[in-house]
Amino acid sequence: MCGRYTLFTPTADLEARFDADFGDREPSYNCAPGQSLPVIADRDPGKTTRMEWGLTPSWADESFDLINARAETVREKRSFADAFERRRCLVPADGFYEWVGGDRGGGKTPYRVAFDDDRPFAMAGIYERWEPPTPETTQTGLGAFGGGGEGGETGDEPNAVETFSIVTTEPNDLVADLHHRMAVILDPDAGEEETWLHGGPDEAAALLDPYPSDDLTAHPVSTRVNSPSVDAPDLIEPVASD
C-alpha cells in the first residue's frame, strides 16, 4: 500500500516540472491520510487542488477514507469505478514510505523510497466529491421551514469535500523487499501523466503496472515518521537498520 509520502521539492521546481500552479504551500516530509494535499485534477491541470487523502464515494452516507485503490479491481469496485472512469488526478510526490517487520506501532522499520536524485514524480490518483448528509434537526420554529431570516436562509449547509485515493499495483523488485504493493508511478517521458488525465479508461488501465526499480532507492528512516503529527526534514535522513 501507500500510506505516507513526501513532497518537499521547492514550489518553483514543482511548477516547472508539472506546468501547474501550486499556490501557497509548505514542504511536507510526512504526508498522511486525512490531510488536505495538492493534486492535479483532469478538470483543470494548470493548477493544483487541495483534496483530503482518503476517498469517500459520492453516494456514501458516511466517510469511507479509502486511501488506496487496487489496480486490479479499480474498474470493478463500486467505491472506485465511477471515479476511475471520470475523475482521475496526479498526486505529486518526491518519495513514499513503507514499513518492514513487525507491527507498525512496535518493531516495524520505516523505509523511504525515492528516485536517487529526489526528483518529483506523479502517482496515479482518482478523486470524488462527497457531500456529508444533512443532519436531522428538531427545530420547530420558522427557521426550520426556511423562514428564519432575510432571503429565506435555511442555515448552514454541509460542506462538500473532495477526496482522493492513490492507485496501487504489484511491487517492483526494490519495493517487493519492503511491501507487497506499491503506488503506480507514471512515466512522464512516455506521456503517461497526460494519458492518465485525459485518456480513455482502457488507455488509463494499461498504465497500472509497477515502475521499474532501476532509478529508485530505499533506505531506513527514523521511526518518528510513524506519527502523522511529526513533519520535519530529518525524517527522510537515513538511519542504521536493525
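Structural data are supplied above this passage.
Residues numbered from 1 in each chain as written. Predicted model: local features only at pLDDT ≥ 70, side-chain atom pairs only at ≥ 80, totals over all residues. Heavy atoms only, no water.

A. How the structure looks around the sheet that holds strand S8 (residues 109–115). Read from one edge of the open sheet, 5 strands run S2-S1-S7-S8-S13, paired in antiparallel fashion. What marks the edges here is a single partner per strand, and that holds for strand S2 (28–31) and strand S13 (216–220). Sheet twist, expressed as the mean angle between neighbouring strand axes with direction ignored, is 25°. In this sheet, strand S7 (residues 95–100) lies alongside strand S1 (residues 5–7) in antiparallel orientation, the contact comprising 2 bridges. (Pairing = 2+ DSSP bridges. Helix = DSSP H or I, 4+ residues; strand = E, 2+ residues; numbered from the N terminus. Axes fitted to C-alpha atoms, helices over the stretch in contact; angles between N-to-C directions.)

B. Structural detail: the pattern of salt bridges. For the structure on display, the rule yields 15 salt bridges. Residues Arg17 and Glu193 are paired through a salt bridge, measuring 2.5 Å at the closest nitrogen-oxygen approach. With a gap of 176 residues between them, Arg17 in helix H1 (residues 11–18) and Glu193 in helix H4 (residues 192–198) connect regions that are remote in the sequence. We classify Arg17 as partly exposed; its relative accessible area is 25%. (Salt bridge = Lys/Arg side-chain N within 4 Å of Asp/Glu carboxyl O. Buried < 20%, exposed > 50% of the residue type's maximum accessible area, 1.4 Å probe, protein only.)

C. Expanded view of the nonpolar core. Within the largest apolar cluster, 53 residues are counted, with the highest numbers of intra-cluster contacts made by Tyr5, Phe96, Met123, Ile126, Phe164, Ile166 and Trp196. Sort the elements by how many residues they give to this core and strand S9 (residues 121–130) lands first, with 6 residues. In terms of nonpolar packing, the next biggest core, distinct from the first, is built from 9 residues, Phe8, Tyr97, Val225 and Val230 among them. (Core = buried A, V, L, I, M, F, W, Y, C linked by side-chain atoms within 4.5 Å.)

D. Summary view of the environment of Val74. Mapped onto the secondary structure, Val74 falls in the loop between strand S5 (68–70) and helix H2 (78–86). Given a relative accessible area of 1%, Val74 falls into the buried group. Residues Val74 and Thr168, 94 residues apart in the sequence, show an inter-C-alpha distance of 9.5 Å.

E. Geometry of the side chain of His219. Position of His219 relative to the elements: it lies in strand S13. Separated by 2.8 Å, the side chain of His219 and the backbone oxygen of Ile236 make a polar contact. The contact partners of His219, leaving out residues within four places of it in the chain, are Pro110, Tyr111, Arg112, Ile236, Glu237 and Pro238. (Polar contact = N/O pair within 3.5 Å; in protein donor to acceptor, adjacent residues only side chain to side chain. Contact = heavy atoms within 4.5 Å.)

F. The arrangement of unusual backbone geometry in detail. Positive phi, normally seen in glycine, also occurs at Asp65, with a value near 55°. The phi dihedral of Asp118 is positive, around 60°, even though this residue is not glycine. Among the structural elements, Asp118 can be located in the loop between S8 and S9. For Asp118, a relative accessible area of 29% corresponds to the partly exposed category.

G. Structural view of the state of the cysteines. Tallied over the full model, the rule gives 0 disulfides. The closest cysteine sulfur to the non-disulfide-bonded Cys2 is located on Cys31, 9.5 Å from its own sulfur. Residue class for Cys2 comes out buried when judged on its relative accessible area of 0%. The class of Cys31 is buried, set by a relative accessible area of 2%. (Disulfide = S-S within 2.5 Å.)

H. Spotlight on the side chain of Thr9. Residue position: Thr9 is located in the loop between S1 and H1. The class for Thr9 is buried, based on a relative accessible area of 6%. Contacts of Thr9, omitting those with residues within four sequence positions, involve Leu14, Arg25, Asp94, Asp118 and Pro120.

I. Looking closely at the packing of aromatic side chains. Across all of its chains, the model carries 9 aromatic pairs by this definition. Ring centres 6.2 Å apart and planes at 10° place the aromatic pair Trp53 and Phe164 in the stacked group. Pair noted here: Trp53 is in strand S4 (residues 49–53) and Phe164 is in strand S10 (residues 161–169), with a separation of 111 residues, a long-range link. In terms of burial, Trp53 and Phe164 fall into one category: buried. On the basis of an interplanar angle of 50° and a centroid distance of 6.4 Å, the ring pair of Tyr97 and Trp99 is categorised as tilted. Judged by its relative accessible area of 0%, Tyr97 is buried. (Phe/Tyr/Trp six-rings, centres within 6.5 Å; stacked < 30°, edge-to-face > 60°.)

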